[in-house]
Structures are given as structure tokens and as C-alpha cells.
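Below are the chains, spelled out letter by letter.
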Amino acid sequence: MESEEFLDFAPIKFVCIDDKEEQNRIIDVLMSVVDPEIGIDIINLGLVYEIHKEDNKLYIIMTLTALGCPLADVLSNEVKNEVLSIGDYSEVEVKIVYSPPWDHDRLSSFARMELGIE
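One structure accompanies this document, and this report is about it. None of these values were measured; they are calculated from a predicted model. (Residues numbered from 1 in each chain as written. Predicted model: local features only at pLDDT ≥ 70, side-chain atom pairs only at ≥ 80, totals over all residues. Heavy atoms only, no water.)

**Observations concerning the pairing of strand β2 (residues 48–54)**
Most of β2 sits out of view: six of its seven residues are buried. Taken together, the three bridges between strand β1 (residues 13–15) and β2 define a ladder with parallel strand orientation. Note that in β2 the partner of Lys13 across the bridge is Glu50. The parallel pair β1 and β2, bridged by helix α2 (residues 20–30), forms a crossover whose chirality is left-handed. Where β2 lies against strand β3 (residues 57–62), six bridges are found, and the strand directions are antiparallel. Among the inter-strand pairings, Ile51 is bridged to a residue of β3, identified as Ile60. (Buried < 20%, exposed > 50% of the residue type's maximum accessible area, 1.4 Å probe, protein only. Helix = DSSP H or I, 4+ residues; strand = E, 2+ residues; numbered from the N terminus. Pairing = 2+ DSSP bridges. Right-handed = clockwise from strand over helix to strand, strands pointing away.)

Written as C-alpha cells, this is what we have:
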């Protein structure tokens, strides 16, 4: 499934990244970051809200499925490492936010199917 399909379902705001190929590279690599408790990647879960680029630094604003998730640091570090592996960015900063709160409306159809949510 093309990563662009997910942008329509759970929109990710891109700031200073107008190139669709660059957006897709970022989305594709973030799809390899799986929430270890749920077993679905953070893009299909709709956890990523915004991706912002300044010079060669990328800022990723995302949330978690539950407030106070003990795996916040694990996910944050994995996001950083995966995005840095692209080789296009000198630094990646991940900010975890809880407003707006995550809800099932951000799930992709794949995630809904996997979780048995109609």
C-alpha cells in the first residue's frame, strides 16, 4: 500500500517539506517503527501529527496510544534512529504530546482490521 494513502486518513502536517518524495521516504521509514504493545506501526496507528524540517534537522511531533506509556523513550529512540538511517538529516528530535489526544479515528483501515475495530 502506498504511504500517501495514509496521509488522507490520519493526516500528518508537513512543515517546510514540500517534496512528496521526501515526505514518502520519511513515512516509509516510520512505518518500520512498531508499537511493541500493539504490534502495529506508528503510521497506521496515526500517532504522528507533524513533521517539521529546519535546515538539516527534523522535528517529529507524535503521541502515544496511552497517557504515561512506559515505552515512550523506546519509541522515541527508534523513531530517531530510523529517520537518521535515511541519511538526509543531521539530527532528529521527537516530541511526544498528548494534546490533541489520540483516538481510534486516527487508525488506518489496516490497523482497524488488525485490531478488529469496525
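**Let's talk about the nonpolar core**
Ranked by size, the top nonpolar core spans 32 residues in total, and within it Leu30, Ile51 and Ile60 carry the most contacts. At the level of secondary structure, the elements contributing two or more residues to this core comprise α2, β2, β3, α3 (72–84) and β4 (91–96). Ignoring anything within four residues of it in the chain, the contact list for Ile60 reads Leu30, Val48, Glu50, Ile51, Val79, Val83, Val92, Glu93, Val94 and Lys95. (Core = buried A, V, L, I, M, F, W, Y, C linked by side-chain atoms within 4.5 Å. Contact = heavy atoms within 4.5 Å.)

**Re the sheet that holds β2**
If you trace the four strands from one edge of the open sheet to the other, you get β1-β2-β3-β4, paired in mixed fashion. On the outer flanks of this sheet lie β1 and β4, each paired with one strand and no other. Across the sheet, the mean angle from the axis of one strand to that of its neighbour is 15°, orientation sign disregarded. Against the sheet, α2 touches β1, β2 and β3, its axis set at about 130° to β2. The sheet contacts of α3 involve β3 and β4, and relative to β4 the element is tilted by about 150°. (Axes fitted to C-alpha atoms, helices over the stretch in contact; angles between N-to-C directions.)

**Describing the pattern of salt bridges**
Taken as a whole and judged by the stated rule, the model has four salt bridges. One continuous salt-bridge network, built from bridges that share partners, spans Lys57, Glu91 and Glu93. (Salt bridge = Lys/Arg side-chain N within 4 Å of Asp/Glu carboxyl O.)

**Describing the pairing of β3**
The antiparallel hairpin formed by β2 and β3 contains two residues in its connecting segment, where Asp55 sits at a positive phi of about 55°. Crossover β3 to β4 through α3 is right-handed.

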